Amino acid sequence: MSNFDQLLSVDRIFAIYNHSVAALQGVSLSVRTGEVRALLGANGAGKTTTLRAIANLLGTQRGSVTSGRIVFDGLDVLKTPPSTLVQAGLASVLEGRHVFKSLNVEENLIVGALARGSRRSELSADLERIYALFPSLLPKRKIAAGLTSGGEQQMVAIGRALMSRPRLLILDEPSMGLAPIVVKGIFETLRALNRNDGLTILMAEQNAAIALRYADQATVIENGTDVLSDTADALRRGDYVKEFYLGSNVSSGIKREAGPQQPSAVSASDELQTIAAE
Ligand SMILES: Nc1ncnc2c1ncn2[C@@H]1O[C@H](COP(=O)(O)OP(=O)(O)OP(=O)(O)O)[C@@H](O)[C@H]1O
Ligand SMILES: [Mg+2]
């Protein structure tokens with residue numbers, strides 16, 4: 001891989017919360033321009049912390065990166081204010097489907113444009129583009145975002161991030177808590193943005209089955225360390241995901257520490273079987 005292709009590189013980052021709790025212990029990954037990369041791992045593996053570090057937002061959670069380096073498009077992320085990162089093209093949808101509940105749908109979208117400092121003339125074209133991507137938002141544009149459905153709130157959160165015209169979009173668990181049909185629609189839209197507009201995407205997902213369907217590449221983290229990076233196809237076919245999700249003891253070549261079965265593994269396992277049967 002040539003370094004010129006790399007839009008984001010995360011090099012052996014260690015992170016802590018509250019000056020003591022070790023959350024990341026040497027996570028490395030890179031994202032090439034134009035790819036969709038999934039970041040997979042069980043509860044508490046460190047997915048959200050990794051994304052917060054990439055957006056330089058760990059400080060908002062009393063966390064910090066203690067060593068390692070993150071570079072986005074030539075910028076030293078850990079020395080760059082989050083707002084400057086947004087202006088440079090790095091947008092994030094981190095807090096689940098966080099929306100400003102009392103603002104209406106359109107006002108929420110406009111907040112995303114303000115983050116970039118968009119000109120008034122660009123605003124209506126950008127709004128039109130979001131409504132074209134998520135048509136169900138158009139009739140709800142004057143409704144308080146807090147009164148819309150979970151799926152619509154996720155669309156608003158993604159739409160708001162897109163209003164800053166990012167080159168890299170990072171998403172934390174876009175599927176969380178949403179019905180499968182809604183999840184499918186959102187992932188189809190993300191894939192279209194990638195294929196048609198060249199948007200580069202990094203998404204954390206516990207739901208490996210759906211993430212591996214839409215990603216080109218994937219990185220798995222366990223206990224704050226990346227343990228595997230490969231193409232999504234290879235991970236779908238390989239033993240690792242079967243072991244990871246089905247809890248079977250098939251040989252993966254990767255040593256895992258014994259631990260309690262994650263509660264989410266049950267539903268993910270069901271979904272994996274459903275998808276495998278399709
Ligand atoms: N705000 C916080 N304050 C203190 N510790 C935290 C905080 N957020 C996460 N942690 C801890 O950091 C570690 C990594 O958590 P993180 O939320 O990054 O994992 P995750 O992979 O996103 O998990 P999940 O799938 O449950 O969202 C865990 O031990 C977690 O308890
Ligand atoms: Mg998380």
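What comes next concerns the included structure. (Residues numbered from 1 in each chain as written. Chains lettered and ligands numbered in written order. Predicted model: local features only at pLDDT ≥ 70, side-chain atom pairs only at ≥ 80, totals over all residues.)

### A word on the site of ligand 1
Contacts to ligand 1 come from 14 residues, most closely from Y17, A23, K47, T48 and T49. Elements represented by at least two residues in the shell around ligand 1 include exactly β2 (21-32) and α1 (47-54). Here the shell around ligand 1 takes three residues from α1, the largest share from any one element. Considering only residue class, the shell around ligand 1 consists of four nonpolar, nine polar and one charged. (Near = placed C-beta within 6 Å. Helix = DSSP H or I, 4+ residues; strand = E, 2+ residues; numbered from the N terminus. Nonpolar A, V, L, I, M, F, W, Y, C, P; charged D, E, K, R; others polar.)

### Section: the nonpolar core
In terms of nonpolar packing, the biggest core is built from 71 residues, with A38, I54, L168, A211, L212 and A218 touching the most fellow members. Looking at this core, you find at least three residues from each of domain 1 (3-89 + 167-240) and domain 2 (99-165). A211 has contacts with A38, L40, M203, E205 and A218, leaving out every residue within four places of it along the chain. (Core = buried A, V, L, I, M, F, W, Y, C linked by C-beta atoms within 7 Å. Buried ≥ 20, exposed ≤ 12 C-beta atoms within 10 Å, placed from the backbone. Domains from an automatic or database assignment. Contact = placed C-beta atoms within 7 Å.)

### Remarks on the sheet that holds strand β10 (residues 225-231)
As summarised here, the arrangement of the six strands in space is β6-β7-β8-β3-β9-β10, forming an open sheet in which the pairing is mixed. If you trace the sheet from one side to the other, it starts and ends with β6 (90-93) and β10, each paired once. Shown here is a sheet whose adjacent strand axes are inclined to one another by a mean of 15°, direction ignored. Where strand β3 (residues 36-40) meets strand β9 (residues 217-222), four bridges bridge the pair, whose relative direction is parallel. Along β9, the bridge assignment pairs L39 with T219. (Pairing = 2+ DSSP bridges. Axes fitted to C-alpha atoms, helices over the stretch in contact; angles between N-to-C directions.)

### Here's the deal with the pairing of β3
With five of five residues buried, β3 is to be regarded as a mostly interior element. Along β3, one buried face is formed by V36, A38 and L40 and the opposite face, lined by R37 and L39, is buried too.

### Structural notes on unusual backbone geometry
Positioned with a positive phi, N56 is a non-glycine residue whose angle comes to about 55°. Structurally, N56 is set in the loop between α1 and β4 (63-72). Of note in this structure, R165 is not a glycine but carries a positive phi near 50°. Relative to the assigned elements, R165 resides in the loop between α5 (150-162) and β7 (168-172). When the 19 C-beta atoms within 10 Å are taken as the criterion, R165 is described as partly exposed.

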